[in-house]
Amino acid sequence: MTAAQLSLPRPRASAFKVWFRNLMVWRKLIAPSLFFTFGEPFVYLLGLGFGLGRFVGEVNGMPYLTFLASGLVASTAMNTASFEGMYSVFTRMVHQQTYDALLATPLQVDDIVAGEMLWCGTKAVLAATPILIVSVLLGAVDDWTAVLAIPLFYLIGLCFAGPAVVVAAFAPSYDFFNYYVALLVTPMFIFSGVFYPIETLPEFAQTIVQILPLSHAIALVRPLVAGEFPPVVGIHLAVLVAYAVVGYLAATVFIRRRLIT
Amino acid sequence: MPSKAQVVEAHGLTKRFGDRTAVDGIDLSIAQGGCFGLLGPNGAGKTTTLRMIMGQSPITAGTLRVLGLDMPDAVREVRRRTGVVPQMDNADPDFTVAENLKMYARYFDLSPRSIGARIDELLEFVELTDRADSPLRELSGGMKRRLSIARSLINDPELIVLDEPTTGLDPQVRRMIWNRLRQLKTSGKTLLLTTHYMDEAERLCDQLVVIDHGRIIGHGQPKEMIETQVEPHVLEIQGERTAIDRLLESCPDIRLETVGELHYCYTHNLAPVLSCLESAGQLTYMHRPANLEDVFLRMTGHELRD
Ligand SMILES: Nc1ncnc2c1ncn2[C@@H]1O[C@H](COP(=O)(O)OP(=O)(O)O)[C@@H](O)[C@H]1O
Ligand SMILES: [Mg+2]
């Protein structure tokens, strides 16, 4: 690592050009993109929410459908930002050489990283919000407080974007992402309280789950979807912001190392 | 002091990747206007040199000024005033031809509204007007390269950097691109191009340096280099080594270079050599005028082409 690689990021307004490029591509590919981000959570919501909900009844004082929907919107934000930060960034960096094209203009590597982070947050919102809307239609959402979950989707996106971009910076090929998904994304999805309260886990497992960000994301999103304000905000918000900031710093350092040779 | 500002001025420019030296202390002085060539085989260090000039690759040692500005400090200003045609086309596959140009204009802070007419002009220049709304996947390799050229001109650059602009293209497209590059030269732009085709260098470049293993091993005007550094006549000869040896004995005024199965026979005086060849028999040969390939072979002992 050189001093230049380790220096603080210098984000500039030009980052929005990278963000805008991604938005325009997304707009062109909106149909398949919506289908994929939408499809899977929708199946969970219908299949588990109605199927399992019948047996489970209430969880944590709310209908199971509400419990599940609130977990799914948060995990959708996580998945979307993670996949965008890994697969899409890798595609643009390696296969399409898009970053090479950008680096022949006044844009610089720090603009690219900041732009991709901003975009991952946006993509998380674009993917999680429609599922929130479907949840409303299914009667799973209780109150307007749920609207406050939307800016949270952005933060959750930022929080998972950094680590994903770091993984992309180290990836020799797409296969590499399977490790990150299998070791972190999927376990978080299963264990962080999307499907059942984390209190049912053994003590040590709860500790691990609370070091990872998804449980904190759900701790904030779930009450809002259920129609109340989260009883505890500070610590959960702090964890998400910390992941976002540290992830951004690390993503900048490692993408610089990969691109500036 | 040169009367005109130098577009690129490098001293001892060096790039090391770990313990491999890709560019080994080269000096460059590229005047404004005209076409300057970096000629060298694959792996010679051409792309690495361009990447340093564009501020995309940190300089290991040496000094570099581009458009009169110190690099790498002036990287953004230099890129603002320069156009790049990369070795690998990297236009956005998710956009159409016109959308690519529009988006690229944004990166240079050119507003999409002010740029419409310019995009039409550029599409016409590279003969892609009827392809404006085609998605990238419908373009041939030659069309993609022409789009890259149009894209490199979007910011009306003073300097245009082209990394192997015609590699892998068919002869018609190459010729069309050469014509366009000549037009750009005439309009007063400075072109800096790399190539491993000597015919391209001979046709386009007013000045060139020959690079091998990261070092400059020769420089000058293509014609003058051919005239001063190699004999005017070349005979490419194939045949038994013993027959070649007999030829060498009977014909004193020749110089012979052997690359694999092929012997290059150089001479100032064609007629006597031809009669020697006829009497030696057993040899097939082809006569051609000397070109930059021969200059390169003379300097390095190996061929330029792959
Ligand atoms: N990023 C890199 N890391 C390590 N070695 C590199 C890198 N880029 C180029 N090289 C090496 O530097 C040398 C010059 O490469 P390059 O400038 O691409 O040559 P050319 O463009 O003339 O074909 C080659 O030996 C190449 O393998
Ligand atoms: Mg090259």
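Scroll up to find the structure.
The present account deals with the structure reproduced in this document.

Thresholds applied
Residues numbered from 1 in each chain as written. Chains lettered and ligands numbered in written order. Predicted model: local features only at pLDDT ≥ 70, side-chain atom pairs only at ≥ 80, totals over all residues. Heavy atoms only, no water. Contact = heavy atoms within 4.5 Å. Buried area = accessible area lost by both parts, 1.4 Å probe. Salt bridge = Lys/Arg side-chain N within 4 Å of Asp/Glu carboxyl O. Polar contact = N/O pair within 3.5 Å; in protein donor to acceptor, adjacent residues only side chain to side chain. Helix = DSSP H or I, 4+ residues; strand = E, 2+ residues; numbered from the N terminus. Nonpolar A, V, L, I, M, F, W, Y, C, P; charged D, E, K, R; others polar. Donors = N, O, S within 2.8 Å, 3.2 Å for Na, K, Ca; no water. Buried < 20%, exposed > 50% of the residue type's maximum accessible area, 1.4 Å probe, protein only. Pairing = 2+ DSSP bridges. Axes fitted to C-alpha atoms, helices over the stretch in contact; angles between N-to-C directions.

1. Here's the deal with the interface of chain B and chain A
How big an interface is tends to be reported as the loss of accessible area on association of its parts.
1) Next: On the chain A side, the residues contacting the 27 residues of chain B number 24 residues.
2) Next: Each partner contributes to the roughly 2,300 Å² buried at the junction of chain B and chain A, and carbon and sulfur atoms together form 55% of this total.
3) Next: For the pair chain B and chain A, the number of links is three salt bridges.
4) Next: With a shortest N-O distance of 2.5 Å, Asp-92 of chain B and Arg-21 of chain A are connected by a salt bridge.
5) Next: At the boundary of chain B and chain A, one finds 12 residue pairs in polar contact (both at pLDDT 80 or more).
6) Next: Those elements that provide at least two residues to the side of chain B that touches chain A are strand S1 (6-17), helix H2 (75-80) and helix H3 (97-107) of chain B.
7) Next: Considering every element that reaches the side of chain B that touches chain A, the biggest residue donor is H3 of chain B, with five residues.
8) Next: Looking at side-chain class alone, the side of chain B that touches chain A contains 12 nonpolar, four polar and 11 charged residues.

2. Some points on the coordination of the magnesium ion (ligand 2)
Residues and elements named next belong to chain B.
1) Next: Taken together, Thr-47 (OG1) and Gln-87 (OE1) make up the full set of protein donors to the magnesium ion (ligand 2), lying 2.0 to 2.3 Å away. Of the two residues, Thr-47 sits in helix H1 (residues 46-53) while Gln-87 sits in the loop between strand S6 (82-85) and H3, which places them 40 residues apart along the sequence.
2) Next: Using a relative accessible area of 27% as the deciding quantity, one classes Thr-47 as partly exposed.

3. Digging into the sheet that holds strand S12 (residues 255-259) of chain B
Residues and elements named next belong to chain B.
1) Next: Taken in spatial order, the four strands of this open sheet run S12-S13-S11-S14, and their pairing is antiparallel. Because the sheet does not close on itself, it has two edges, and the strands there are S12 and strand S14 (284-289). When the angles between neighbouring strand axes are averaged without regard to direction, this sheet yields 25°.
2) Next: Of the pairings in the sheet, the one linking strand S11 (residues 233-238) to strand S13 (residues 262-267) comprises five bridges and is antiparallel in character. Each residue of the ladder has a partner; that of His-233, found in S13, is Thr-267.
3) Next: Relative to the sheet, helix H10 (residues 270-280) contacts S11, S13 and S14, its axis offset from that of S11 by approximately 10°.

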